[in-house]
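# Coordinate analysis (summary)
Single-letter residue listing:
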Amino acid sequence: MTSRGWLRVVGIGPGPAQWITPEVQAVLTEASDVFGYHSYLDRLAPVGRQELHPSDNGQELQRARRALELALGGARVAIVSGGDPGVFAMAAAVFEVLERAPAAWRALDISVLPGVTAMLAAAARLGAPLGNDFCAINLSDNLKPWSVIATRLRLAAQADFAIALYNPRSRARPDQLQHAFELLRSERPERGAQTWVAFARAVGRPDEDLSITTLAAADPDRVDMRTLVLIGATGTRCIERPNGQPWLYCPRHIDEVR
Ligand code: SAH
């Protein structure tokens, strides 16, 4: 099978247009069709006769299949995620569909183009909290059991990673962040007051809000779906500034832990 169509799985970063890479911008200009969650498509500048295909959250596999089908039919298709398309986003959904699809679909010209993921944008605003080893955990149990999340949180705390929590809290899942904090406190009972926690909300947007607290004092009610929660490691340090907005960073060297 040969088709002149293509599929580009792209990330448009967490917020402003200047965080969209030139490579992704070029694809968004060339595409005949653009798929994505409607609030991501709302962020894009309209291009000529391009057709937009907005859909709701939670329809990732259908969206991926429709995009693949259109590209197989010869269209130039972009499928858009916020941040990076490989981080808790559409690229995995595309490959999930492709793996089960007829073998002929694998000849399609597909590529995944990177974007700035929320964790990196938040870290840059805060200073350098990911300057040493870290991990990222999606706190949503929509697609995996809570027991898996709890195990990963526990082991990440034991390994003393800095931890980035994506999808920390939503109206449908109001209590899980509280459970996560309790679990982390029980893993680090002696360090709760010294473990730094940052809430980075709407990074790169006009309503951006950064706050820094400790694991002992962290209040989950201050967090919503537009927030990236960053839990510091033992080595994470805080530098106070006169403007009241401290820098958080994790030094390059690590002393013996425990
Ligand atoms: N693919 C995206 C992540 C999708 S999961 C990426 O790479 O960034 C959605 C989660 O990302 C949100 O619940 C939030 O935790 C985080 N997020 C996305 N944009 C954000 C922003 N501008 N500020 C803070 N967190 C953000």
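Up top you'll find the structure we're talking about.
As a starting point, this report considers the structure included with it.

Basis of the calculations
Residues numbered from 1 in each chain as written. Predicted model: local features only at pLDDT ≥ 70, side-chain atom pairs only at ≥ 80, totals over all residues. Heavy atoms only, no water. Disulfide = S-S within 2.5 Å. Pairing = 2+ DSSP bridges. Helix = DSSP H or I, 4+ residues; strand = E, 2+ residues; numbered from the N terminus. Axes fitted to C-alpha atoms, helices over the stretch in contact; angles between N-to-C directions. Contact = heavy atoms within 4.5 Å. Buried < 20%, exposed > 50% of the residue type's maximum accessible area, 1.4 Å probe, protein only. Left-handed = near helix turned anticlockwise from the far one by under 90°. Near = heavy atom within 4 Å. Polar contact = N/O pair within 3.5 Å; in protein donor to acceptor, adjacent residues only side chain to side chain. Areas by Shrake-Rupley, 256 points an atom, 1.4 Å probe, with all protein chains shown as cover. Nonpolar A, V, L, I, M, F, W, Y, C, P; charged D, E, K, R; others polar.

Scanning all chains against the criterion turns up 0 disulfides. In this structure Cys 238 is not part of a disulfide, and its nearest cysteine sulfur, from Cys 250, lies 13 Å away.

Moving on to the sheet that holds strand β1 (residues 6–11). Reading across from one edge, β3-β2-β4-β1-β5 is the order of the 5 strands in this open sheet, with parallel pairing throughout. Edge strands, defined here as strands with exactly one partner in the open sheet, are β3 (51–55) and β5 (109–113). Ignoring strand direction, the axes of neighbouring strands in this sheet form an average angle of 15 degrees. The strands touched by helix α1 (residues 22–30) within the sheet are β1, β2 (33–37), β4 (76–81) and β5, with β1 carrying the most contacts at an inclination of about 135 degrees. Its contacts with the sheet place helix α3 (residues 60–72) against β1, β2, β3, β4 and β5, and it is angled at close to 175 degrees to β2.

One non-glycine residue, Phe 88, lies in positive phi territory at about 50 degrees. For Phe 88, the location among the structural elements is in the loop between β4 and α4 (90–100). Using a relative accessible area of 41% as the deciding quantity, one classes Phe 88 as partly exposed. At Asp 160, a residue that is not glycine, the phi angle is positive and equals roughly 60 degrees. Mapped onto the elements, Asp 160 comes out in the loop between α6 (146–158) and β8 (162–166). Look at Asp 160 and you get buried, because its relative accessible area is 11%.

With that settled, the discussion passes to the pairing of strand β11 (residues 227–231). Of all 5 residues in β11, 5 are buried; the element is thus mostly enclosed. Sheet topology places β8 next to β11; 3 bridges connect them, and they run antiparallel. Directly across from Leu 165, in β11, lies its bridge partner Val 229.

Here the focus is the packing of α6 against helix α7 (residues 176–187). Interaxial distance between α6 and α7 falls to 9 Å at its minimum, and their mutual angle equals 35 degrees. Crossing of α6 against α7: the hand is right-handed. Residue-level contacts link Trp 146, Ala 150, Leu 153, Arg 154, Ala 157 and Gln 158 of α6 to Gln 176, His 179, Ala 180, Leu 183, Leu 184 and Glu 187 of α7.

Moving on to the site of the ligand. Close contacts around the ligand come from 19 residues, with Asp 84, Val 87, Thr 117, Met 225 and Thr 227 the closest. Take Gly 82: an N or O atom from its main chain is 2.9 Å from a nitrogen atom of the ligand. Val 203 has a polar backbone atom sitting 2.9 Å from a nitrogen atom of the ligand. With the chains in place, 90% of the 550 Å² that the ligand exposes on its own is no longer accessible. Grouping the amino acids of the shell around the ligand by side-chain chemistry returns 12 nonpolar, 5 polar and 2 charged.

This part is about the sheet that holds strand β12 (residues 237–239). Ordered by their spatial adjacency, 3 strands build an open sheet running β6-β13-β12, and the pairing between neighbours is mixed. Each edge of the sheet is formed by a strand with only one pairing partner; in this case those strands are β6 (127–128) and β12. Pairing of β6 with strand β13 (residues 247–249), which is carried by 2 bridges, proceeds in the parallel orientation. Within β13, the residue paired with Ala 128 across the bridge is Tyr 249.

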